[in-house]
Amino acid sequence: MNNTHHTPDPESLRDLAVSVAAEAGELAAEGQAGITVLDTKSSPTDVVTKMDRAAEELIRTRLLQERPDDAILGEEGGGAPGTSGVRWIVDPIDGTVNYLYGLPDWAVAIAAEVGGRVVAAAVAVPVRGEMFEAVLGAGAYRNREPLRAPAAVPLERALVATGFGYSARRREHQARVLLDVLPRIRDIRRDGSAAVDLTGLAVGRYNAYYERGLNLWDWAAPGLIAAEAGIRVGGPNGGPPSTDLVIAARPELYEDLEVLLAPLAADTDG
Ligand code: IPD
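Computed from a predicted model, the values in this text were never measured in an experiment. (Residues numbered from 1 in each chain as written. Predicted model: local features only at pLDDT ≥ 70, side-chain atom pairs only at ≥ 80, totals over all residues. Heavy atoms only, no water.)

## What about the nonpolar core?
Counting 28 residues, the largest nonpolar core has Leu13, Ile59, Leu63, Trp88, Val108 and Ile110 as its most contacted members. Listing elements by their share of this core, those giving two or more residues are helix H1 (10–31), helix H2 (50–66), strand S5 (86–94), strand S6 (107–114) and strand S7 (117–125). Non-local contacts of leucine 13, meaning those with residues more than four positions away in its chain, are made with Pro8, Arg67, Val86, Trp88, Ala112, Val114, Val119 and Ala120. (Core = buried A, V, L, I, M, F, W, Y, C linked by side-chain atoms within 4.5 Å. Buried < 20%, exposed > 50% of the residue type's maximum accessible area, 1.4 Å probe, protein only. Helix = DSSP H or I, 4+ residues; strand = E, 2+ residues; numbered from the N terminus. Contact = heavy atoms within 4.5 Å.)

Below, the structure written as C-alpha cells:
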C-alpha cells in the first residue's frame, strides 16, 4: 500500500488504471447478457444498469485498496475527496444504451489527474478486445501497440462521429446543427459511446468527432489517448474540451470542423 503523498509516477497510475479497467470490463462483459434496467437519469432513454453501479463499485474499491488517499470522481457515485493530489475520473460503462441492447461499443474509462491535468488513462472496450492506454507525453497504445492517428482528410471526405444528449430540447438543436454539417462531410456516425468514438479517432475508425453535453468522465481518459495519438482535442472558442462542446480531429481537419461548427452554435442548446 502506498500511503505517501509524493507525486506518483504516471506509469504506475496507468498500470493501475489498465488492470482495474480490465477487471471491471470483464465483470461488465459477463453481465451484459443478463442486465436489468434499474433507474433513469434525465429522461427515459438514459438507462442506468445494475452493472454500471457494480462496475463503478469494483473500480472504486480496487483504486482505493492500492491508493487510499486518492480522490475519485465517478459517473454513478459522484465525488469522494482525497489528500494525495491524485484524482481518478471514472466512467464505469460509457455507452450504456449500447450495453443494454447487447451492442459491442461500450467502454470502461479510467483517467488519473494530477494538478488538474490528466496524466494517465486506460479505456477498455471489452467486446472488441481492445485496451487503450496512455501516459501524458509518452504516447498512446492499443493492446500494447503504439498508436498514431492517420493523417487528416479534407472536411468533405471526413467521417465524423458525434452523439446526442438525453434531453429532447438539446437533441432538437443537435439535429438542427446536423442539417448544416451533414451536406459538408463524407458521413456521420452515431455509435453511442464517446469513449469508443474518441479512441476510434486514434485508430482511424473516424476522422473527426464533436459532441455537446459530455461530462468530464466521458472524455478524460479517451481524450488523453486520442491526444497522445496525435489528435487535437479541444472545446469552444479555441479552449479546452468542455461540457459545452468537445471537438477532436487531426489539427488541420479540426480547424475546418471548428469553423463549420462555430456559426451553428453547436456549443449551445439553440
Ligand atoms: C453517453 C455516451 C454517448 C454520448 C452521451 C453520453 P453514457 O455516455 O458517451 O455516446 O452521446 O452524451 O452521455 O451515458 O452511456 O455513459
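## Thoughts on H2
Between its terminal C-alpha atoms H2 stretches 25 Å, which fits the 24 Å expected from 17 residues at 1.5 Å a residue. Among the residues making up H2, those that are buried are Met51, Asp52, Ala55, Glu56, Leu58, Ile59, Arg60 and Leu63. (Expected span 1.5 Å × (residues − 1).)

## Describing the domain arrangement of the chain
Many analyses report the size of an interface as the accessible area lost when the parts associate. For the chain, the domain assignment lists domain 1 (10–147) and domain 2 (155–264). Taking only C-alpha atoms, the centre of domain 1 and the centre of domain 2 are 21 Å apart. Taken together, the 42 residues of domain 1 in the interface contact 22 residues of domain 2. Three residues stand out in domain 1 for area buried against domain 2, namely Asp94, Phe132 and Leu147, and they jointly supply 19% of the buried area on that side. Remark: the boundary between domain 1 and domain 2 carries one salt bridge. One salt bridge in this structure joins arginine 205 and glutamate 130, with 2.5 Å as the shortest N-O distance. Between domain 1 and domain 2 we count eight residue pairs in polar contact (both at pLDDT 80 or more) in total. (Domains from an automatic or database assignment. Buried area = accessible area lost by both parts, 1.4 Å probe. Salt bridge = Lys/Arg side-chain N within 4 Å of Asp/Glu carboxyl O. Polar contact = N/O pair within 3.5 Å; in protein donor to acceptor, adjacent residues only side chain to side chain.)

## Quick word on the packing of helix H5 (residues 194–202) against helix H6 (residues 216–228)
Look at H5 against H6: their axes get within 8 Å of each other, and the N-to-C directions meet at 5 degrees. Taken together, the axes of H5 and H6 are roughly parallel relative to one another. Facing Ala194, Ala195, Leu198, Thr199 and Ala202 of H5, the residues of H6 in contact are Asp218, Trp219, Pro222, Gly223, Ile225 and Ala226. Residue classes in the contact of H5 with H6 are distributed as eight nonpolar, two polar and one charged. (Axes fitted to C-alpha atoms, helices over the stretch in contact; angles between N-to-C directions. Parallel < 35°, antiparallel > 145°, perpendicular 65-115°, else oblique. Nonpolar A, V, L, I, M, F, W, Y, C, P; charged D, E, K, R; others polar.)

## Details of the site of the ligand
In the vicinity of the ligand, 16 residues are found, and the nearest of them are Asp94, Gly95, Thr96, Tyr166 and Glu211. Separating an oxygen atom of the ligand from a side-chain N or O atom of glutamate 75 is a distance of 3.3 Å. Backbone polar atom of glycine 192 to an oxygen atom of the ligand: 3.2 Å apart, as the coordinates give it. Bound to the protein, the ligand loses 95% of the 380 Å² it would expose on its own. The biggest single contributor to the shell around the ligand is S5, with three residues. Formed jointly, the shell around the ligand draws a minimum of three residues from each of two domains, domain 1 (10–147) and domain 2 (155–264). (Near = heavy atom within 4 Å. Areas by Shrake-Rupley, 256 points an atom, 1.4 Å probe, with all protein chains shown as cover.)

## Here's the deal with the sheet that holds S6
Spatially, S4-S3-S5-S6-S7-S8-S9-S10 is the arrangement adopted by the eight strands of the open sheet, whose pairing is mixed. The open sheet has two edge strands, strand S4 (78–80) and strand S10 (145–146), and neither has a second partner. When S5 meets S6, the two strands line up antiparallel, connected through seven bridges. Bridging from a neighbouring strand, arginine 87 pairs with glutamate 113 of S6. Docked against the sheet, H2 engages strand S3 (71–74), S4, S5 and S6, running at close to 155 degrees with respect to S5. Strands in contact with H5 are S5, S6, S7 and strand S8 (130–135); relative to S7, the strand with the most contacts, it is inclined by about 105 degrees. (Pairing = 2+ DSSP bridges.)

## Concerning empty space enclosed by the protein
A complete count under the given rule lists two cavities of 30 Å³ or more for this structure. Here the largest cavity is characterised by a volume of approximately 80 Å³. What lines the largest cavity is simply Thr162, Gly163, Phe164, His173, Gln174, Val177, Tyr210, Glu211, Arg212, Leu245 and Ala266. Looking at the lining of the largest cavity, the elements that each hand over two or more residues are helix H4 (168–181) and strand S13 (208–211). Sorting elements by how many residues they give to the lining of the largest cavity places H4 first, with three residues. Residue composition of the lining of the largest cavity, by class: five nonpolar, four polar and two charged. (1 Å grid on protein atoms, 1.4 Å probe; cavity = no way out; pocket = protein on both sides within 12 Å on 5 of 7 lines; lining within 4 Å. Points joined across faces, edges and corners; volume = space filled by probe spheres on them.)

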